[in-house]
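The residues making up each chain are set out below.
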Amino acid sequence: MAKSRVVRFYEEGGPEVLRVEDVEIGAPGPGEARILVEAIGLNRAEVMFRGGYYYERAERWPAVIGYEAAGVVDAVGDGVVGLEPGQPISVVPSFSMQRYGVYGEKAIVPAHALVRRPAGQDAISGAATWMSGLTAYGGLVEVGGLRAGDTALITAAASSVGIAAIQIANRVGATPIATTRTGRKRERLLAAGAAHVIATDEESLVDRVRELTGGRGADLVFDGIFGRGLSDLALAAAKEGKLIVYGLLGGHTAQGSFGADAPPFPVTNPSLNMRWYAMMDTALDPERLRRGKQFVLSGLRAGSLAPIVDRTFDLGDIVEAHRYLESGAHLGKVVVTVDAGR
């Protein structure tokens, strides 16, 4: 049986623990499919999983890694219907990395995690769509109930989830206000669809949001940071507004602890509705996932959802790709391409 290059790791740690190795993939089991990977979307979830501070941790070594990819179907296992070899697909993150991973030339995944790519969508875009799209859709629409006329304040707006949130807010008729630390990414965020951009190191977040909303505040705050600025986000929210935290970019260490940098609970807005949200809240709920797939696919077809790819790397440069993702220098998605001589 031919071997395939696969990324694995033998201990938790920094990007340097990732290794590209030749591995026999085998045949897909019942309910599974084997795919030929053409592109891989990198996500913060994989950084956290690799480092040992994700909500789940590797249970066996060597561990595989990776939620999101695009390519074509190679083979299907027993009981799989609606998929056949050669079909262009994307992988929707809806499984555990304790069992499956897509970093490699070939990968076996649950068949339910595959969605046919819309006509005209290439593999790089297909690998940059679903983690960010479902995270933003689920948080803003399913949980947040964002509606036309609402204002959405989006932190970490230059991330792939932030870009998707801007596009989804526009799609439902809401006004997206993007935040970023400095003005360096302002014009690119405006070009991506943000109605306004606030550089939090250079201007008052609360004052600016109040100014932009006529004193009302943001109806929904979508926060991927959970940092020391949490109280300001609460103040920037409308009375009885919603604060949805989906990420932990603000101070989360490799040991999974904030320590002295733990954000204070935002008592500055006592009527605020605050809750955690994880993409798996959508991906593992069949009805939410069905609605999410339809929302994202229809947005892709209409052109209102279009992932932005900041930079691509080769599979052999996976360590450098993870370092770049962690640097925060990107706007949009970091993608790894796979050339297996096909």
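This text goes with the structure placed above it.
Treat the numbers as computed from the prediction; the structure is a model and nothing was measured.

So, how was this worked out
Residues numbered from 1 in each chain as written. Predicted model: local features only at pLDDT ≥ 70, side-chain atom pairs only at ≥ 80, totals over all residues. Heavy atoms only, no water. Patch = residues over 30% accessible without salt bridge, like charges linked within 9 Å, V, L, I, M, F, W, Y side chains within 5 Å. Areas by Shrake-Rupley, 256 points an atom, 1.4 Å probe, with all protein chains shown as cover. Salt bridge = Lys/Arg side-chain N within 4 Å of Asp/Glu carboxyl O. Lys, Arg positive; Asp, Glu negative; His and termini not counted. Charge placed at Lys NZ, Arg CZ, Asp CG, Glu CD. Helix = DSSP H or I, 4+ residues; strand = E, 2+ residues; numbered from the N terminus. Buried < 20%, exposed > 50% of the residue type's maximum accessible area, 1.4 Å probe, protein only. Contact = heavy atoms within 4.5 Å.

## Here's the deal with a negative patch on the surface
A grouping of D314, D317, E320 and D339 is seen on the molecular surface, where their side chains present a negatively charged patch. Mapped onto the fold, D314 is located in strand β15 (residues 309–314). Residue D314 is classed as partly exposed on the basis of its relative accessible area, which comes to 32%.

## Topic: unusual backbone geometry
Going from W61 to P62, the amide bond is cis rather than trans, its omega being -5°. With respect to the secondary-structure elements, P62 resides in the loop between α1 (44–51) and β4 (63–64). The phi dihedral of A156 falls on the positive side, at around 45°, and the residue is not glycine. When you line up the elements, A156 lands in the loop between β9 (151–154) and α4 (160–171). We note that E240 has phi near 60°; this positive angle belongs to a residue other than glycine. For E240, a relative accessible area of 56% puts it in the exposed group.

## What to know about the environment of I108
Position of I108 relative to the elements: it lies in strand β7 (residues 106–110). Taking relative accessible area as the criterion, I108 reaches 16% and is therefore assigned buried. Remark: the alpha-carbon pair of I108 and A27, spanning 81 residues in sequence, is separated by 8.0 Å. Those residues in contact with I108 that sit more than four places away from it in its chain are I25, G26, A27, P28, E32, A33, R34 and Y100.

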